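Residues per chain, in single letters:
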Amino acid sequence: MTADAAFTYDGGKVAPGERQNLRYRVSETYLGDPVRIPVTVINGERPGPTLYLSAAAHGDELNGIAVVRSVAYDWDLTDLAGTVVCLPVLNVPGFLTQQRYLPIYDRDLNRSFPGDPTSTSAKRMAHSIFRNFVEPCDLGIDFHTSTRGRTNTLHVRADVDRPAVSRLAHAFGASVVVDGEGSDGTLRGEATRAGVPTITVEMGEAHRFERSLIDEALAGVRSVFAEYGLDERGRVRWPGWRTVVTEKTWIRADAGGIVDMHYDRGEAVREGERVCTVTDPFKADGTPIRAPFTGVLLGVLENPVVYPGNPICHLAELDDSTARIVERRAADR
Ligand SMILES: [Zn+2]
């Protein structure tokens, strides 16, 4: 859509210069009461692109909620050129029960896009969100965290083979961009394939507001505003170092036990170095786990206990010169 026109959705419209807070019905409870998601649409007086910001497609992933609400309610958007569609809590039933999936048959809302109005409850919800608030946009950012018991360093996931997505990923200004199409049914993958370039931002852990990550993500959104002219006052940021990752692996435990981590999320590890040690209760026979290649730790365990086969950390490959920059910056901190 062009932003010199109104933003329209089923049941309403938001004219240029207008802001609307709405609770949009996406389903009904067992009692027949509406299930409604909070939506804030801010349509600037001046024309520009339409950007959606969404969070909590997984109901316990809270960091993104703080990011989206901050843009909608703390930022001065009086000079906005374009439209921002804020969807701070996509999975309302999961949010209410503080769990990842929709409590109805444990369905993953983020495998249900673009949705279907005649299919499962999850796909009906997804359809209603997608048609009204995603499809009318020009680009989007979907915020996630790691699953419970693990934590992620802030990074972007994007299909960088698509120039429009690559531009958005670079504009956000994260150091690490993980390249990939996005699985079937994910908001990122389906929106991108439907012509709405979308990136995912992974940040931190579930069930938390982590201030430093939230601030970093807000700087990323400001940078996107600058790149696309939504706010010309800002500048596109350079994160200091950047890598586009194609090679990554989950390092898994081969023994059960208690895990001593030797590195934190976001740190560089050299090939062959000991990332962590899995120990028994007597701290006797520790099993060292070594990095299969030089990389940065995208995600690490928070709950330090494992069965054989459990993932311990998520390692993304770095070339030697980038690894050196990451090490130098860690030493400066
Ligand atoms: Zn998620």
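- The protein goes by Succinylglutamate desuccinylase/aspartoacylase family protein in an unreviewed UniProt entry, where it is assigned to Haloplanus rallus.
- Taken verbatim from the UniProt record of the protein, the Cofactor (unreviewed entry) comment is "Zn(2+)".

## Structural notes on the overall build of the protein
And step 1. Secondary structure assignment for the protein yields 7 helices and 19 strands.
And step 2. Expected size for 333 residues packed as a compact globule is a radius of gyration near 20 Å; at 21 Å, the protein falls within 12% of this value.
And step 3. In terms of its C-alpha atoms, the protein occupies a principal-axis envelope of roughly 65 × 50 × 30 Å.
And step 4. Counting the 333 residues in the protein, one finds 48% classified as buried.
And step 5. The long-range fraction of contacts in the protein, counting pairs at least 24 apart against all pairs at least 6 apart in sequence, stands at 66%.

## Some remarks on the UniProt feature "domain: Succinylglutamate desuccinylase/Aspartoacylase catalytic" (unreviewed entry) in the protein
And step 1. Those residues carrying the UniProt feature "domain: Succinylglutamate desuccinylase/Aspartoacylase catalytic" (unreviewed entry) are residues 47–226 in this numbering.
And step 2. Segment residues 47–226 splits into 36% helix and 23% strand. End C-alpha atoms: 14 Å apart.

## Section: unusual backbone geometry
And step 1. Between Phe-113 and Pro-114 the backbone carries a cis peptide bond, its omega angle lying at 0°.
And step 2. Inspection of the secondary structure puts Pro-114 in the loop between helix H2 (92–97) and helix H3 (121–134).
And step 3. The phi angle at Ala-56 is positive, at roughly 55°, despite the residue not being glycine.
And step 4. Within the secondary structure, Ala-56 is located in the loop between strand E5 (46–55) and helix H1 (63–74).
And step 5. Residue classification places Ala-56 among the buried positions, given that 27 C-beta atoms sit within 10 Å.
And step 6. Even without being glycine, His-207 reaches a positive phi, approximately 65°.
And step 7. For His-207, the location among the structural elements is in the loop between strand E10 (198–204) and helix H6 (211–227).

## Digging into the nonpolar core
And step 1. By size, the foremost hydrophobic cluster in this structure holds 95 residues, and its most contacted members are Leu-53, Val-68 and Leu-87.
And step 2. Aside from chain neighbours lying at most four places away, what touches Val-68 is Leu-53, Ala-55, Cys-86, Leu-87, Pro-88 and Phe-143.

Basis of the calculations
- Residues numbered from 1 in each chain as written.
- Predicted model: local features only at pLDDT ≥ 70, side-chain atom pairs only at ≥ 80, totals over all residues.
- UniProt positions renumbered as here; feature names shortened; annotations may be inferred.
- Helix = DSSP H or I, 4+ residues; strand = E, 2+ residues; numbered from the N terminus.
- Rg over C-alpha atoms; globule rule 2.2 N^0.38 Å.
- Buried ≥ 20, exposed ≤ 12 C-beta atoms within 10 Å, placed from the backbone.
- Contact = placed C-beta atoms within 7 Å.
- Core = buried A, V, L, I, M, F, W, Y, C linked by C-beta atoms within 7 Å.

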